[in-house]
Amino acid sequence: MRKRIFRAISLVTLLALVAFLVFIMGSTYEYFSGLQEQQLKNQVKLVANGAERSGIEYFDTMDVKGVRITWIASDGTVLYDNESSASEMENHLARPEVREAIRTGYGESSRYSSTRLEKQLYCAKRLKDGSVVRMSDSHSTVLTLLLGFAQPICLILMIVTLIAFVVASRVSSKIVEPINGIDLDDPLSTDTYNELDPLLNRLSAQQNQIRRDRAELEKTEHIRQEFTSNVSHEMKTPLHAISGYAELIRNGLVADEDVKPFASKIYDESKRMSQLVEDVIDLSKLDSGINEKKVEHTDLYRIAENAVESLESFAANNSVTLELEGESAMLDAVPHQLHSIVYNLCDNAIKYNREGGKVSIEVHDEAERVTLRVSDTGIGIPEESIDRVFERFYRVDKSHSREVGGTGLGLSIIKHAVAIHNGDINIESEVDKGTTITVTLPKKQFT
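Rules of the game
- Numbers given to residues run from 1 along each chain, matching the order in which its sequence is written.
- Where totals are concerned, whole chains, interfaces and linings use all residues; where local detail is concerned, this predicted model gives features only for residues with pLDDT of at least 70, and gives and counts side-chain atom pairs only at 80 or more.
- As a rule here, side-chain values come from all non-hydrogen atoms in the structure, and water together with hydrogens is ignored.
- Only DSSP runs of H or I with at least four residues qualify as helices, and only runs of E with at least two residues qualify as strands; both kinds are numbered from the N terminus onward.
- When checking whether two residues touch, look at their non-hydrogen atoms; a contact exists if any pair is within 4.5 Å.
- For every accessible area listed, the method is Shrake-Rupley and the probe measures 1.4 Å; residues are considered covered only by the protein chains on display.
- Orientation is described by lines fitted to C-alpha atoms, with helices fitted over the stretch in contact, and by angles between N-to-C directions that extend from 0 to 180 degrees.
- Crossings are classed by handedness, with left-handed meaning an anticlockwise turn of the near helix from the far one by less than a right angle and right-handed meaning a clockwise turn.
- Classification used: nonpolar for Ala, Val, Leu, Ile, Met, Phe, Trp, Tyr, Cys and Pro, charged for Asp, Glu, Lys and Arg, polar for all others including Gly.
- Every residue carries a pLDDT, the predictor's confidence in it, which falls somewhere between 0 and 100.
- We call two N or O atoms a polar contact when they sit within 3.5 Å, provided that within protein one can donate a hydrogen and the other can accept it, with sequence-adjacent residues counted only if both atoms are side-chain atoms.
- Here a strand pair is declared whenever DSSP counts at least two bridges between the two strands.
- Joining through side-chain atoms within 4.5 Å is the link that ties buried Ala, Val, Leu, Ile, Met, Phe, Trp, Tyr and Cys residues into a set, and such a set is a nonpolar core.
- Type-normalised accessible area, obtained with a 1.4 Å probe on protein chains alone, sets the label of each residue: buried when under 20%, exposed when over 50%, and partly exposed for intermediate values.
- Only residues above 30% relative accessible area that lack a salt bridge enter a patch, with like-charged residues linked at up to 9 Å and the nonpolar side chains Val, Leu, Ile, Met, Phe, Trp and Tyr linked at up to 5 Å.
- Salt bridges are counted wherever a side-chain nitrogen of Lys or Arg sits within 4 Å of a carboxyl oxygen of Asp or Glu.

Trainee: Residue-level account of the overall build of the chain, with values.
Mentor: The helix and strand inventory of the chain stands at 11 helices and 12 strands. A separation of at least 24 residues holds for 60% of the contacts in the chain among residues at least 6 apart in sequence. Here the chain displays about 27000 Å² of accessible surface, and carbon together with sulfur accounts for 53% of that area.

Trainee: Could you give an account of the packing of helix H8 (residues 300-317) against helix H9 (residues 335-351), naming the residues involved and the relevant values?
Mentor: To characterise two packed helices, one gives the angle between the axes of the helices and the distance between these axes. Their axes nearest at 9 Å, the elements H8 and H9 cross at an angle of 35°. Here H8 and H9 pass one another in a crossing that is right-handed. The segment H8 lies against H9, with Leu300, Ile303, Ala304, Ala307, Ser310, Leu311, Phe314 and Ala315 engaging Pro335, Leu338, His339, Val342, Tyr343, Cys346, Asp347, Ile350 and Lys351. Across the contact of H8 with H9, the residue classes tally to 13 nonpolar, 2 polar and 2 charged.

Trainee: Break down the confidence of the model for the chain for me, citing the residues and quoting the values.
Mentor: Across the chain, the average pLDDT comes to 79, with 78% of residues at 70 or higher. For residues 398-405, every residue scores under 50 in pLDDT, and the model assigns this stretch 13 contacts once sequence neighbours within four places are set aside.

Trainee: Tell me about the environment of Lys443, residues and numbers included.
Mentor: Mapping Lys443 onto the fold places it in the segment after strand E12 (434-442). Each C-alpha atom of the pair Lys443 and Ala367 lies 8.8 Å from the other, and the pair is 76 residues apart in sequence. Apart from the residues within four sequence positions on either side, Lys443 is in contact with Met330, Leu331, Asp332, Asp365, Glu366, Ala367, Glu368, Arg369 and Val370. Reaching out from Lys443, the side chain makes a polar contact with the side chain of Asp365 at a distance of 2.7 Å.

Trainee: Quick rundown of the sheet that holds strand E9 (residues 358-365)? Include the residues and the values.
Mentor: Spatial strand order, E7-E9-E10-E12-E11: 5 strands in an open sheet with mixed pairing. Two strands bound the open sheet, and with one partner strand each, they are strand E7 (321-326) and strand E11 (424-430). On average, adjacent strands in this sheet sit at an angle of 10° to one another, irrespective of strand direction. Here strand E10 (residues 369-376) runs beside E12; their pairing, made up of 7 bridges, is antiparallel. The residue bridging Thr371 from the neighbouring strand is Thr440, located in E12. This element, H8, spans E7, E9 and E10 of the sheet and lies at about 170° to E7. Contacts from H9 reach E7, E9, E10 and E12 within the one sheet, and its direction differs from that of E10 by about 20°.

Trainee: If you had to explain the nonpolar core to someone new, which residues and values would you point to?
Mentor: In this structure, Leu300, Ile341, Leu345 and Leu372 are the most contacted members of the largest nonpolar core, which totals 38 residues. Taken together, the elements giving at least two residues each to this core come down to H8, strand E8 (330-333), H9, E9, E10, helix H11 (410-420) and E12. With 8 residues, the single largest contributor to this core is H8. Ranked by size, the runner-up nonpolar core spans 15 residues in total, among them Leu40, Val47, Phe59 and Leu127.

Trainee: I'd like a rundown of unusual backbone geometry, residues and numbers included.
Mentor: The phi dihedral of Ser319 falls on the positive side, at around 55°, and the residue is not glycine. With respect to the element layout, Ser319 can be found in the loop between H8 and E7. We classify Ser319 as partly exposed; its relative accessible area is 34%. Despite not being glycine, Asp432 shows a phi value in the positive range, around 70°. With respect to the element layout, Asp432 can be found in the loop between E11 and E12. Classification of Asp432 as exposed rests on a relative accessible area of 52%.

Trainee: Explain a nonpolar patch on the surface to me, and be specific about the residues and the numbers.
Mentor: Side chains of Leu155, Ile159, Ile163, Val167, Val171 and Ile175 sit close together on the surface and give an oily, nonpolar patch of about 480 Å² of accessible area. Positionally, Ile159 belongs in helix H5 (residues 150-180).

Trainee: Could you give an account of the pattern of salt bridges, naming the residues involved and the relevant values?
Mentor: One pass over the full model with this rule turns up 15 salt bridges. For Lys358, the salt bridge is made with Glu323, and the minimal N-O distance between the two is 3.0 Å. In this pair, Lys358 sits in strand E9 while Glu323 sits in strand E7, placing the two residues 35 residues apart along the sequence. We classify Lys358 as partly exposed; its relative accessible area is 34%.

Next comes the structure, spelled out in structure tokens:
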């Protein structure tokens, strides 16, 4: 950029100098040309007056240098010439300035000499007797003037060019200095040109976005590492149990009457590990979006009915009552994921409820959205944990979670499924009184 500014300033300076020289030379040339022509006109009038008074003797007394004087008879014969013999000169009647002087009393013309690079000016004045006095003077052309001033002009160009280069170098450095001094980490802290404010604002926005992206990447990496660690830990527990029980049975250290209970423990732990794997797979699919699933126009109330039917025996075993209320609520969604949302919410409400407790499921159809509300009379969630319950493997009460067999991924699956459907989820809970989770989904969220 500095080189471009340097070249631009130097070029502009040189062009300005050339334009200035052209203007000065042209103006000077026009001025002195006009002055010379006027002077020649005045001289020819004076000479004509003298010739009328004194005749040819007037020319003999004149001592004029640099100007040619010719006296021409009315028939074109040359009577006198101060530079050549009159008898040897050709008839001048055909000369334009002579013809014009004979006709109007005064005539003038100019002729260019390509060999001498000069322009000859002619002024002619008619006398009373019909003869004509003509005077001529050489007039330098612009090219001759330039050749004459070539040396000083070249010297001036060299001096100005040197000055222009020095000034251009300093000016370009001054112009570029604030730009080079921009702090890319904090562009708005740089004191520079107002014209650069849009660029600096954009750079600042990009830097902020880069910082946010970096922080998000670090957070994602931390979550990934934590997730991997938690999965390993969660799978290790049932594997240890299965391995321990199986080893006791293999070594014959279990009484015959205890084999069945041990086998039941192995089955329960393997089922728990299988559920964990399924939840991890579901969560991975939700992370990648819903492209694998087909969006259908479906009824949330009907899906809620199916989920309640699937959980009735589980609820009865936990002495919990399930109640479904509401109305048909149609929306565009992925049925499998809607079922996962309802099922997991109800499953959690049953697991963390009390004996003799109640779970209420409500489905409502509104103008642009549908609402699912699941309320329970369970143990509730402490206020400080409400914002964290959607984290993967987070448990409010780890000991109780072990008892009921949760994987710690249910609410994460719900959150992702709701987010994919462009919905909202809200939790209201009070310890020892129960929890209400409300899910709101738009009817038309896919294009």
